[in-house]
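For reference, the chains in residue letters:
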Amino acid sequence: MPTATAMATPPPATTTYDDSVPAGCVTDSSDCNDASAAVYPGAPELCDQLDNNCNGTTDEDALGVDTDRDGVRNACDNCRFAFNPDQLDTDGDGLGNVCDRIHPVRVRAPTTRTRPYP
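Because the structure is predicted, anything quoted here is derived from the model rather than measured. (Residues numbered from 1 in each chain as written. Predicted model: local features only at pLDDT ≥ 70, side-chain atom pairs only at ≥ 80, totals over all residues. Heavy atoms only, no water.)

**Looking at the overall build of the protein chain**
The test is simple: Strands are runs of DSSP state E lasting at least 2 residues, helices are runs of H or I lasting at least 4, and numbering of each runs from the N terminus. In this scheme, a residue with accessible area under 20% of its type's maximum is buried, one over 50% is exposed, and one in between is partly exposed, where area comes from a 1.4 Å probe on protein chains only. We call two residues in contact whenever any of their non-hydrogen atoms come within 4.5 Å of each other.
Looking only at helices and strands, one finds two helices and zero strands in the protein chain. Across the 118 residues in the protein chain, those meeting the buried criterion constitute 21%. Within the protein chain, contacts between residues at least 6 apart in sequence are counted, and of these 3% link residues at least 24 apart.

Below is the structure:
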C-alpha cells in the first residue's frame, strides 16, 4: 500500500510541444506587425500607409516606389506612368484624369436608323 505522502503527491507535469506553426504566424521576428493579420513577410502591398510585406518600405510595389516622380507611391497612384500629383479622377473609373487623356475609353454614340414609313 502506498504511503500517505506518495498518494498526496501529484504526478510530474508534462509539457508537449507541437512544432507546427499556426496559419498567419512566423517562427522568427520577421513579422513587423503582430497586431494585424494583413501584415506579414510576403504580403501584397496595399495603399494603406502600412508596410504590409515587412520590407521596410510603405506602399511600394514591384515597379518601383514612385515611377512618375509625382510624390505618390505606385501602390496608391491612379496613373503611375504619368505625373499627376493631384490624383484627380473626375469620372470615378479608378484611373486619374491624366491617364484618361493618355488612354481614353472610346464610347461610340448609339446609332439610330430610321425607316421611312410605308
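**Some thoughts on the environment of Gly-94**
With respect to the secondary-structure elements, Gly-94 resides in the loop between helix 1 (4–8) and helix 2 (97–102). In this structure Gly-94 comes out as partly exposed when scored by relative accessible area, which is 46%. Filtering out sequence-adjacent residues up to four positions away, Gly-94 remains in contact with Asn-78 and Asp-89.

**A few points about the confidence of the model for the protein chain**
This is how it is decided: The score called pLDDT rates the predictor's confidence residue by residue, from a low of 0 to a high of 100.
For the protein chain, the average pLDDT comes to 77, and 64% of its residues sit at 70 or higher. Here residues 106–110 is a poorly scored stretch, pLDDT under 50, and it has zero contacts once near neighbours within four places are set aside; other chains count.

**Focus on the state of the cysteines**
What counts here: To count as a disulfide, a pair of cysteine sulfur atoms needs to be within 2.5 Å.
In the structure shown here, the tally under the stated rule is three disulfides. Note on cysteine connectivity: Cys-32 is disulfide-linked to Cys-54, with sulfurs 2.3 Å apart. Where Cys-32 bonds to Cys-54 through sulfur, the torsion about that S-S bond is close to -80°, and the disulfide is left-handed. Taken together, the residues span a long stretch of sequence, with Cys-32 in the loop between helix 1 and helix 2 and Cys-54 in the loop between helix 1 and helix 2 at a distance of 22 residues. Given a relative accessible area of 46%, Cys-32 falls into the partly exposed group. Two residues share a disulfide in this structure: Cys-79 and Cys-99, whose sulfurs sit 1.7 Å from each other. Judged by the sign of its S-S torsion, about 80°, the bond between Cys-79 and Cys-99 is right-handed. In this pair, Cys-79 is assigned in the loop between helix 1 and helix 2 and Cys-99 in helix 2, connecting sequence segments 20 residues apart. The exposure classification of Cys-79 matches that of Cys-99, with both residues buried. Disulfide connectivity for the protein chain, with bonded cysteines indexed by sequence position, reads 1-3, 2-4, 5-6.

**Side note on the side chain of Asn-78**
Mapped onto the fold, Asn-78 is located in the loop between helix 1 and helix 2. When neighbours within four sequence positions are excluded, Asn-78 is seen to be in contact with Asn-84, Gln-87, Leu-88, Asp-89, Gly-94, Leu-95, Gly-96 and Cys-99.

**Observations regarding the side chain of Asp-100**
Mapped onto the fold, Asp-100 is located in helix 2. The residues touching Asp-100, leaving out its near neighbours within four places in the chain, are Asp-91, Asp-93 and Leu-95.

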